[in-house]
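# A structural walkthrough
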Amino acid sequence: MHEPSTLPVMVIDDEPHLRITASQTLELAGYTPHCFESAEQALEALPANFPGVIVSDIRMPGMDGMTLLNELHSRDATLPIILITGHGDISTAVEAMRAGAWDFLEKPFAGDQLLDVVRRGIEKRQLSLENLRLKAELEVQQAALGPRLVGRTAVISRLAAMIQRISQVEADVLLFGETGTGKDLVARAIHERSARRNSPFMAINCGAVPENTIESELFGHEKGAFTGAVERRIGKFEHANGGTVFLDEIESMPLALQVKLLRVLQERSVERLGANETVPLNIRVIAATKVDLKAAAEEGYFREDLYYRLNVVTLPLPALRERREDIPLLFQHFAVIAANRSGLEAPTLDSPSIAALLAHDWPGNVRELRNLAERYVLLGAAFDYRLDALLEGVSADTEEPTLPRQVELFEKSLISQSLARHHGRVTDVCRHLGIPRKTFYDKLKKHSLSADDYRHSSDP
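Per chain, the residues get numbers from 1 upward, laid out in the order the sequence is written. Confidence filtering applies because this is a predicted model: local features only for residues at pLDDT of at least 70, side-chain atom pairs given and counted only at 80 or more, and all residues used for totals across whole chains, interfaces and linings. Each side-chain value is derived from all of the structure's non-hydrogen atoms; neither hydrogens nor water enter the calculation.

Attention now moves to the overall build of the chain. Runs of H or I in DSSP of at least four residues are treated as helices and runs of E of at least two as strands, each being numbered from the N terminus. Helix and strand counts for the chain come out as 19 helices and 14 strands. Radius of gyration: C-alpha atoms only; globule rule: 2.2 Å multiplied by the number of residues to the exponent 0.38. Taken against the 2.2 N^0.38 rule, which gives 23 Å for 460 residues, the C-alpha radius of gyration of the chain at 30 Å runs more than 25% over that of a compact globule. In terms of principal-axis extent, the alpha carbons of the chain reach across some 95 × 55 × 40 Å. The contact criterion used is simple: two residues touch if any of their non-hydrogen atoms lie within 4.5 Å. Put simply, 71% of the contacts in the chain that link residues at least 6 apart link residues at least 24 apart. Using a 1.4 Å probe, the Shrake-Rupley method yields the accessible areas, and only the shown protein chains count as cover for residues. By element, 52% of the accessible surface of the chain is carried by carbon and sulfur atoms, the whole surface being about 22,900 Å². For the purpose of charge, His is not counted, nor are the chain termini; Lys and Arg are scored as positive and Asp and Glu as negative. Throughout, a charge is located at the NZ atom of Lys, the CZ atom of Arg, the CG atom of Asp or the CD atom of Glu. Of note, the chain has its 52 positive side-chain charges centred 6 Å away from the centre of its 65 negative side-chain charges.

What follows covers the sheet that holds strand S14 (residues 313-316). In this description, strands pair whenever DSSP reports at least two bridges between them. Taken together, the five strands give an open sheet; going across it, the order is S7-S10-S13-S6-S14, and neighbouring strands pair in parallel fashion. Both outer strands of the open sheet, strand S7 (201-205) and S14, are each paired with one neighbouring strand and no more. Ignoring which end each strand starts from, the neighbouring axes of this sheet average 20° apart. The sheet contact formed by strand S10 (residues 244-248) and strand S13 (residues 284-289) spans four bridges and is parallel. The residue of S13 that forms the bridge with Thr244 is Arg284. Here an axis means a line fitted to C-alpha atoms, over the contact stretch when the element is a helix, while the angle between two N-to-C directions is reported on a 0 to 180 degree scale.

This part is about the UniProt feature "modified residue: 4-aspartylphosphate" (unreviewed entry) in the chain. UniProt positions are given in the numbering used here, feature names are shortened, and annotations may be inferred rather than shown by experiment. The UniProt feature table records "modified residue: 4-aspartylphosphate" (unreviewed entry) at Asp57. For Asp57, the position within the fold is in strand S3 (residues 53-57). Apart from the residues lying within four places of it in its own chain, the contact partners of Asp57 are Ile12, Asp13, Asp14, Gly65, Ile84 and Lys107.

Read across the open sheet, the five strands follow the order S2-S1-S3-S4-S5; overall the sheet is parallel. Sheet topology places strand S2 (32-36) and strand S5 (103-106) at the edges, where each strand pairs with a single neighbour. Looking at each pair of strands side by side, their axes are set apart by 20° on average, direction ignored. Across four bridges, strand S1 (residues 8-12) lies against S3 in parallel orientation. The residue of S3 that forms the bridge with Val11 is Val55. Strands S1, S2 and strand S4 (81-85) of the sheet are contacted by helix H1 (residues 16-28), whose axis makes an angle of about 170° with S2. Each of S1, S3 and S4 touches helix H3 (residues 65-75); the most contacted strand, S4, lies at about 175° to it.

Across the interface, helix H13 (residues 327-342) lies against helix H14 (residues 351-359) with an axial gap of 10 Å and an inter-helix angle of 110°. In this view, H13 runs roughly perpendicular relative to H14, as classed from their interaxial angle. Along the contact surface, H13 presents Ile327, Pro328 and Phe331, while H14 presents Ile354, Leu357 and Leu358. Put simply, Ala, Val, Leu, Ile, Met, Phe, Trp, Tyr, Cys and Pro go in the nonpolar bin, Asp, Glu, Lys and Arg in the charged bin, and everything else, Gly too, in the polar bin. The residue makeup of the contact of H13 with H14, split by class, is six nonpolar, no polar and no charged. Roughly parallel here means an angle under 35 degrees, roughly antiparallel means over 145, roughly perpendicular means 65 to 115, and every remaining angle is called oblique.

Once that is clear, we can look at the packing of aromatic side chains. Two rings from Phe, Tyr or Trp (for Trp, the six-membered ring) form a pair when their centres are within 6.5 Å of each other. A pair whose planes differ by under 30 degrees is stacked, one over 60 is edge-to-face, and the rest are tilted. Inspection of the entire model under this criterion finds five aromatic pairs. Considering the side-chain rings of Phe331 and Tyr376, the 5.4 Å spacing of their centres and the 65° angle between planes classify their relative orientation as edge-to-face. With Phe331 in helix H13 and Tyr376 in helix H15 (residues 365-379), the pair connects residues that are 45 residues apart, well separated along the chain. For every residue, the accessible area obtained with a 1.4 Å probe (protein chains only) is divided by the maximum for its type, and the residue is called buried under 20%, exposed over 50%, and partly exposed between those limits. The exposure class of Phe331 is buried, given its relative accessible area of 0%. On the accessibility criterion, Tyr376 (2% relative accessible area) is buried.

Turning to the packing of helix H6 (residues 154-167) against helix H7 (residues 183-192), a few remarks are in order. For any two helices packed against each other, one specifies the inter-axial angle together with the distance between the axes. Packing of H6 against H7 brings their axes to within 8 Å, and their N-to-C directions diverge by 45°. Compared by their axis directions, H6 and H7 come out oblique. As H6 packs across H7, the resulting crossing turns out to be right-handed. In this structure, H6 uses Leu159, Ile163, Ile166 and Ser167 to contact H7, whose residues at the interface are Val186, Ala189 and Ile190. Residues that form the contact of H6 with H7 fall into these classes: six nonpolar, one polar and no charged. Should the near helix be turned counterclockwise from the far one by less than a right angle, the crossing is left-handed, whereas a clockwise turn marks it as right-handed.

Next comes the structure, spelled out in structure tokens:
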């Protein structure tokens with residue numbers, strides 16, 4: 001956010017005394033006023049992505065305020081425009097608000113009134129520009145080859161540079177990071193940027209495969225190798241020949257199997273269970289862990305020789321608390337994805353929401369942030385789009401809501417969004433949701449909602 005002293009305010013009025021008074025009031029408050037006696041002069045001087053607000057009289061010679069409003073919104077629909085109306089001219093004020101004016105001031109107005117409406121308009125403008133900037137960054141980053149690392153902090157820039165460098169060499173890689181830091185995404189990014197990108201990428205979670213089947217899963221088996229082996233099975237390593245094997249949660253691999261994995265890494269060949277011949281492998285191995293493997297080896301929970309074999313290139317992944325500046329950008333990224341998938345709109349972040357995101361500890365890192373963004377899109381209306389309330393109600397640290405409760409929250413959110421979109425017009429909402437009027441009123445009562453709360457004062 002800019003400091004007030006750097007923020008411009010355009011004042012457009014054909015009356016010199018009003019321009020002088022407004023200019024002095026704004027300047028004393030720390031703003032930078034730019035005064036014009038006509039709308040035509042202001043339009044000529046208006047730069048793209050103007051960071052401030054426009055204050056304009058409605059009744060002026062030449063182009064009037066309403067025409068100016070329409071012209072400005074054709075250029076930038078998010079630009080806050082404050083119109084000045086004559087005393088008692090309520091119908092004009094209502095028309096201006098319907099046409100998209102941010103607010104209006106009725107002559108004569110006090111300096112405090114001007115400053116209050118300008119301050120609120122400036123806050124809205126800064127949030128709009130920030131969201132536009134986030135969206136532009138996302139578009140650029142989404143055009144990158146392979147999985148995207150979203151962020152602009154120094155630590156994420158260094159990580160991206162390391163991924164690019166590592167992907168061009170053939171060394172095995174060990175990824176180290178807390179739960180939810182994106183180890184799977186980084187592994188895929190290395191694969192997609194490497195010469196192996198057109199060959200298989202096999203991801204194996206060593207902690208999720210049952211211990212009695214993991215050897216067969218990884219290395220395969222011949223028919224009759226053990227009870228139940230009714231046919232030959234090609235293992236993950238052999239299937240990935242020419243490509244990349246990603247071993248997630250490598251610390252969970254049984255010690256007995258670690259010996260066989262070490263042999264595969266050293267000899268670059270695999271022997272199926274029950275077979276007498278080895279199959280040569282042309283693979284790259286990327287392993288990932290959330291624990292200190294050296295310490296685990298010293299304590300006897302991980303083979304030391306395997307640790308040193310994997311530790312050729314180690315890439316540490318930053319926790320989300322180490323890259324807080326990226327949190328709003330990441331949240332917007334995940335919210336857009338969730339909105340596109342669900343057919344809903346991605347709500348705009350306001351100042352309290354951004355503050356709530358930055359204040360949270362994020363023990364679940366990027367995974368927790370992604371889950372919150374999805375809940376915000378799907379269930380945000382049920383929490384009045386208050387991220388602090390959503391964090392408190394369904395954070396990763398608390399028990400997940402039950403399925404019936406999630407359905408209730410989603411239904412309430414869907415109804416609230418439809419009411420807001422149609423300004424509380426029940427007929428339009430029922431048509432949009434495809435439900436009878438009586439059913440709709442039953443659901444309003446169930447969720448303690450009122451259509452009147454979504455009607456603008458100017459709506460009939």
